[in-house]
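One-letter residues, chain by chain:
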Amino acid sequence: MLLSHRKRLFELWRIAAKYRLDTHLPIEEAPQLKKIARLIKSHPAAIGKKPKELGVKLALEEMGTLFLKLGQLLSTRRDLVPPQVISQLELLQDKVKPFDIDIAIAQIEDSKKGLGKPVAELFARFDTKPLAAASIAQVHTAALPDGREVVVKVTRPDIRETIIQDFELLRDLAKWASDRVEAARAVHIIDIVEDYRQIMLNELDLTLEAGNTTKMRNNFIGSNMIYVPEVYEANTNVMVMERITGVPISHTHVFDELGYDRARLAEKGLTIFFTQVFRDNFFHADMHPGNVFVETTAKTDPRYIGLDCAIMGELSKDDQLVVARMLLAVMNNNFTGLVDIVYRAGWIPPDTDKHALMRDMRRTISPMVQKPINEIDFAGVLMQILDIARRHHMSIPPQLMLLLKTLVHVEGLGRDLYPDLDIWSLAKPILTSWVKEQLDPIRNLQHIRQQLPELLLSSTDLPKLVDKGLQSLASAGSRQEMQLREMQQLRADMLNDRRNDWIALAGLAISIGVATQVNWFAPIFYFIAICFVIWRIFR
């Protein structure tokens, strides 16, 4: 299976060797990486070469978009990645190598996937030097004919084919792991890869991002927590939107210079996240520092700026409620309730030992609510939870994995901004209020009343549905009666065949017996025995 990807695997091996990625692997902390390091060093391209400056960044750029995304995710995890590597990964957020300006202009002026007009006609000013360049697109500043300052986002050309190829490799690796590792099956790793593949391909269509941006903007109109820029125009490869003034959330020194309260800023960021997940059910699922900005024009209480809404997450109402109740159970150290919630959600088999599961949950999750955020390895806890899932045959819905990925981002951002932030104390009142609202009987009755006209209109179809149901029952009864008759006939045939078998066997035995006693008449009786056998075969 993986042999079909040997060309791509050899290419990745060559790139890793070219930039001597083996020298950046934290072998002291993770000895299991020694085999990978030896494999990289064994390539001819690595022999005698020293590691290049910014080797990790350059290697991931050359490997392609999927690996750039991985680097962006790891750039928020200072607890998992060495500082010298973090400094390179942070450059992948908005300082990827840009593509040629002539290609960008051709994308903008394209009549099918661009804006279909010359740049000189579209803008009063267009800056050819990119403001930022990332894994999917690069951004140019410009001004509209009426003077409004804008940014123009243009997708990278010809990256769809590489993304599809890499996801085919990733899907085969996921299938290989799913066939051999129970934990991989528990999290539906194949479905996760396929879902993320579709998310990445959707990210290439800027009309989808424009729609997501507008929806998120409408969710926070008039908010003092976050501002989402307005989209002016968009097509598949190009999007024009309002230009904002701010800095990435990772520039903490700027906040100190401006006198911003970093604790307040961190709390506001987490409030935005939980509001998106539970109030709006529409959350930003790509929250690396290159996509999360803070305005610098405010004097005391700055807002966040929402950018790059290409990857957004949504949960079903049932999953929303399950997640909220699970988090509250953890915060209240109610592990009996936690297991019951998971069981009722259908995530564990009916024959699971609940007491053993409860003990494992308590041992694993207790540290999450007993330590400050700067001492919690949330990614490590997630791995332990997945290990519990493997041992107890739990089945985690794929749609929740995107939320877990986002939580890893949020934890990394929170640690960088304000290490002593108490995420659980902040989240508890938000979740409690939301769950009470969802379970409020008056609210549910009002919801039923709003749906009453539709229910009444649907009730006109009730007689037809009842008639169809009765016809189906009658038809099913007729089929069952016919099947019963066929089974009775089959039983009678089997009894008749058995009787014929005994007759043939008796005739054969008598014929052979007589033939052995009467030698002069043996051929006749052997002939009779053969006739009995032939008769039974063709009967």
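The following refers to the structure shown. Source: prediction; values computed, not measured.

What follows deals with the layout of surface pockets. Within this model, the second largest pocket holds a volume of roughly 720 Å³. In terms of lining, the second largest pocket is formed by 34 residues, of which the most central are Leu131, Ala132, Val139, Phe293 and Leu307. For the lining of the second largest pocket, the secondary-structure elements that each account for two or more residues are helix H4 (65-74), strand S2 (132-133), strand S3 (137-143), strand S4 (149-155) and strand S7 (238-242). Ranked by the residues each element gives to the lining of the second largest pocket, the list is headed by S7, at three residues. Grouping the amino acids of the lining of the second largest pocket by side-chain chemistry returns 15 nonpolar, eight polar and eleven charged.

With that out of the way, let us pick up the nonpolar core. Across soluble globular proteins, nonpolar side chains have a tendency to be buried as a group. Among the nonpolar cores identified, the biggest contains 98 residues, and Tyr304 and Met361 are the most heavily contacted of them. Residue contributions to this core peak at eight residues, all from helix H13 (residues 262-280). When sequence neighbours within four positions are dropped, the list of residues in contact with Met361 reads Phe335, Leu338, Val339, Ser366, Ile388 and Met394.

Here we take up a positive patch on the surface. Together, Lys34, Lys35, Arg38 and Lys41 make up a region of like positive charge exposed at the surface. Considering the arrangement of structural elements, one finds Lys41 in helix H2 (residues 34-41).

Turning to helix H3 (residues 55-63), a few remarks are in order. Along H3, seven of the nine residues are buried, which leaves the element largely enclosed by surrounding structure. For H3, the complete set of buried residues consists of Gly55, Val56, Lys57, Ala59, Leu60, Glu61 and Met63. Downstream of H3 by a residue or two, Gly64 has a phi angle that is positive, lying close to 125 degrees.

Across all of its chains, the model carries six aromatic pairs by this definition. Ring geometry for Phe278 against Trp434: centres 5.2 Å apart, planes inclined by 55 degrees, an arrangement best described as tilted. Within this pair, whereas Phe278 is found in helix H13, its partner Trp434 is found in helix H19 (residues 423-439), the two being separated by 156 residues in sequence. Directly above the ring of Phe220 sits Arg279, whose terminal nitrogen or CZ lies 5.0 Å from the centroid.

Calculation notes
Residues numbered from 1 in each chain as written. Predicted model: local features only at pLDDT ≥ 70, side-chain atom pairs only at ≥ 80, totals over all residues. Heavy atoms only, no water. 1 Å grid on protein atoms, 1.4 Å probe; cavity = no way out; pocket = protein on both sides within 12 Å on 5 of 7 lines; lining within 4 Å. Points joined across faces, edges and corners; volume = space filled by probe spheres on them. Helix = DSSP H or I, 4+ residues; strand = E, 2+ residues; numbered from the N terminus. Nonpolar A, V, L, I, M, F, W, Y, C, P; charged D, E, K, R; others polar. Core = buried A, V, L, I, M, F, W, Y, C linked by side-chain atoms within 4.5 Å. Buried < 20%, exposed > 50% of the residue type's maximum accessible area, 1.4 Å probe, protein only. Contact = heavy atoms within 4.5 Å. Patch = residues over 30% accessible without salt bridge, like charges linked within 9 Å, V, L, I, M, F, W, Y side chains within 5 Å. Areas by Shrake-Rupley, 256 points an atom, 1.4 Å probe, with all protein chains shown as cover. Salt bridge = Lys/Arg side-chain N within 4 Å of Asp/Glu carboxyl O. Lys, Arg positive; Asp, Glu negative; His and termini not counted. Charge placed at Lys NZ, Arg CZ, Asp CG, Glu CD. Phe/Tyr/Trp six-rings, centres within 6.5 Å; stacked < 30°, edge-to-face > 60°. Lys NZ or Arg CZ within 6 Å of the ring centre and 35° of its normal.

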